[in-house]
Amino acid sequence: MVKKLMLSVVALLMLFPAMAFAADEGPSTSLLNMGLNSVWIVVAFVLVLLMQGGFILLETGSTRMKNAGHVAGKTIFTIGLCTLIYWAFGYGIFNGGADISEGLRKFIGWGDFFYSPVTSAGEGDSFPVTAFFLFQLAFATISLSIAWGGFAERAKLSVYLVFTIFFTAVVYPVIAHWIWGGGWLAADGAQDYAGSTVVHLTGALAAMAATILLKPRIGKYNKDGSANEILGHNQVFSALSVLLLWVGWFGFNAGSALSVGDGFFGFVAFNTMLGAGAGTVSALLISWAITGKADISTTLNGALAGLVAITASCAFVDPWAAVVIGLVAGVLVFFSAKLFEKLRIDDPIYAMSVHGAAGVWGTLANGLFATDELATKVGVGQGGLFDTGSWHQFGVQLESVVVCGLYVLIASFIILGVMKLVMGLRVTEEQEIVGLDLSEHGTYGYPEQMKKAQNNNLQA
């Protein structure tokens, strides 16, 4: 048998001599690197896209049973719509390659609308543009889902449709261009590695505009201004959502390296884990110390706040600084939630605290903790105050927070304000009391439970 096998191999090599040298001719090093980078970026895209499952569970668990099906369905619908709008317009505004003036390019990208990319990477490319497009699209969908926190339990389904179009076309991609697409803040050296400002603060401020214009949910506040706690219906869903988001965040942050290279993405993931862990612990301890109880919701929000805060700085700071950033974020999310409640801003899933306050802190933290060595490695900005003794980078970070925040708030207020005049934003009082599952979709997310409750009410 062995003799026959050897004779067969010799015969094949005689017939096809090129096979004898195939192993020596393999793909070039650059082609292998491009292939590995491509695989990593697409894997990271999938991880970020799966974070939407976390947002579905987070918003569902943090709100009431009568709105559960609505939350899940509108999330999937808006992801689909966001994909089409980003392909048609958003990507072109973010990263369009048309030949426009340098002055205009500082503020907006142009071209590549209805994007039609080449099918594969060219010689010398680090990755195919299709993989890059998908990764950036996933970020846009995340920012949009953060914004939905301000709409929860009271906005019409049609509002989600219209706002998705405008947010994806003219709000999010402008901010992304300024910082990631070669815009004026990028030229200033603004450091936001994976989106504490671009993704999280943008979504949170859109949520703020929405919740102010929509006003609080029925029963949230009493006439004397005191707040009532409207409990979510499933804390296990909320905890599972945090775990899903936590896992997906490694695609979010480490994926932003856009290459396998020397393994730097591992360092980014390392800092991400430290920041998240620190946020979780500090949030639990501060709630325990202030209220006498270790509040579960605050603990979950602390984990997310730590992740949001470290998102800007995961590639720019040493591990000890990642821990400090997470610790501060966990404390900040507790007190900022109390502040928004006192201001009568009804934020059912704490989007403004988790993604807004922590997003601001994470962006500013680079101005304090970034090191010159890591800033040089990433190729953006310089070291922060504690490494260089200079306030320069802190000033750049503050500039990016202020101008991006103002743009998102003003744009969102204008868009939603016009929508409120033209079509209205909020469902009727009766529809809100019945629940959006039934009033907007004609069915329940939990049909057996809701029918059981209705039967009990009739019998009573």
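Under the annotation held in an unreviewed UniProt entry, the protein carries the name Ammonium transporter and is attributed to Paenibacillus cellulosilyticus. Quoted straight from UniProt, the Sequence similarities (unreviewed entry) entry for the protein says "Belongs to the ammonia transporter channel (TC 1.A.11.2) family."

(A) Fine view of the nonpolar core. In this structure, Phe151, Phe163, Tyr172, Tyr193, Phe252 and Leu416 are the most contacted members of the largest nonpolar core, which totals 108 residues. Tallying contributions element by element places helix 6 (residues 129-147) first for this core, with 12 residues. Excluding its chain neighbours within four sequence positions, the residues that come into contact with Phe151 are Val159, Tyr160, Phe163, Ala210, Leu214 and Leu416.

(B) Structural detail: the pattern of salt bridges. Taken as a whole and assessed by the stated rule, the structure comprises seven salt bridges. Between Arg64 and Glu153 there is a salt bridge; the shortest N-O distance is 3.2 Å. Here Glu153 lies in the loop between helix 6 and helix 7 (157-180) and Arg64 lies in the loop between helix 3 (29-62) and helix 4 (68-95), a separation of 89 residues in the sequence. A relative accessible area of 21% places Arg64 in the partly exposed class. Put simply, Arg64, Glu153, Arg217 and Asp346 are held in one network by salt bridges that share partners.

(C) Fine view of the side chain of Ser238. Position of Ser238 relative to the elements: it lies in helix 10 (residues 235-254). Classification of Ser238 by relative accessible area gives buried; the value is 7%. Ignoring anything within four residues of it in the chain, the contact list for Ser238 reads Leu57, Leu58, Gly61, Ser62 and Leu300.

(D) Examining the packing of aromatic side chains more closely. Tallied over the entire structure, the rule returns 34 aromatic pairs. A ring pair is formed by Trp391 and Phe394, whose centres lie 5.5 Å apart and whose planes are at 85°; its orientation type is edge-to-face. Judged by its relative accessible area of 54%, Trp391 is exposed. What links up through ring pairs into an aromatic cluster is the set Tyr86, Tyr91, Phe94, Tyr115, Phe127, Phe132 and Phe133. When the ring centre of Tyr221 is taken as reference, the NZ or CZ atom of Lys220 above it lies at 6.0 Å.

(E) Layout of helix 11 (residues 264-291). Taking 1.5 Å per residue, 28 residues should reach 40 Å; helix 11 reaches 41 Å between its end C-alpha atoms and fits that length. Phi turns positive one or two residues past the end of helix 11, at Gly292, with a value near 85°.

(F) Representation of the side chain of Thr197 within the structure. You can see Thr197 is positioned in helix 9 (residues 196-214). Other than its neighbours up to four places away in sequence, Thr197 contacts Ile179, Asp192, Thr202, Thr363, Ser400, Val401 and Cys404.

(G) Examining the UniProt feature "domain: Ammonium transporter AmtB-like" (unreviewed entry) in the protein more closely. According to UniProt, the feature "domain: Ammonium transporter AmtB-like" (unreviewed entry) maps to residues 39-446 in the numbering used here. In residues 39-446, the share of helix is 70% and the share of strand is 0%. The end C-alpha atoms are 39 Å apart.

(H) Representation of the state of the cysteines. The full count for this structure, using the stated rule, is zero disulfides. No disulfide involves Cys82; its nearest neighbouring cysteine sulfur is the one of Cys404, lying 18 Å away. Take Cys82: its relative accessible area is 0%, and that puts it in the buried class. With no disulfide of its own, Cys314 lies closest to Cys404 among cysteine sulfurs, the gap being 17 Å. With relative accessibility at 0%, the residue Cys314 sits in the buried group.

(I) Inspection of the environment of Val48 at higher detail. The topology assignment puts Val48 in helix 3. Overall, Val48 belongs to the buried group, its relative accessible area being 0%. Spatially, the C-alpha atoms of Val48 and Leu137 are 9.8 Å apart, while their sequence positions differ by 89 residues. In contact with Val48, other than residues within four places in its own chain, are Phe135, Ala138, Phe139, Ile142, Gly248, Gly251 and Phe252.

(J) Examining the environment of Gly302 more closely. In this structure, Gly302 sits in helix 12 (residues 296-313). In this structure the C-alpha to C-alpha distance between Gly302 and Gly92, which are 210 residues apart in sequence, comes to 35 Å. Once residues within four sequence positions are removed from consideration, Gly302 is found in contact with Gly279, Thr280, Ala283, Gly330 and Val333.

(K) Expanded view of unusual backbone geometry. One non-glycine residue, Asp112, lies in the positive phi region at around 60°. Among the secondary structure elements, Asp112 is positioned in the loop between helix 5 (102-105) and helix 6. The phi torsion at Leu258 lies on the positive side, around 60°, for a residue other than glycine. With respect to the helices and strands, the residue Leu258 is situated in the loop between helix 10 and helix 11.

Calculation notes
- Residues numbered from 1 in each chain as written.
- Predicted model: local features only at pLDDT ≥ 70, side-chain atom pairs only at ≥ 80, totals over all residues.
- Heavy atoms only, no water.
- UniProt positions renumbered as here; feature names shortened; annotations may be inferred.
- Core = buried A, V, L, I, M, F, W, Y, C linked by side-chain atoms within 4.5 Å.
- Buried < 20%, exposed > 50% of the residue type's maximum accessible area, 1.4 Å probe, protein only.
- Helix = DSSP H or I, 4+ residues; strand = E, 2+ residues; numbered from the N terminus.
- Contact = heavy atoms within 4.5 Å.
- Salt bridge = Lys/Arg side-chain N within 4 Å of Asp/Glu carboxyl O.
- Phe/Tyr/Trp six-rings, centres within 6.5 Å; stacked < 30°, edge-to-face > 60°.
- Lys NZ or Arg CZ within 6 Å of the ring centre and 35° of its normal.
- Expected span 1.5 Å × (residues − 1).
- Disulfide = S-S within 2.5 Å.

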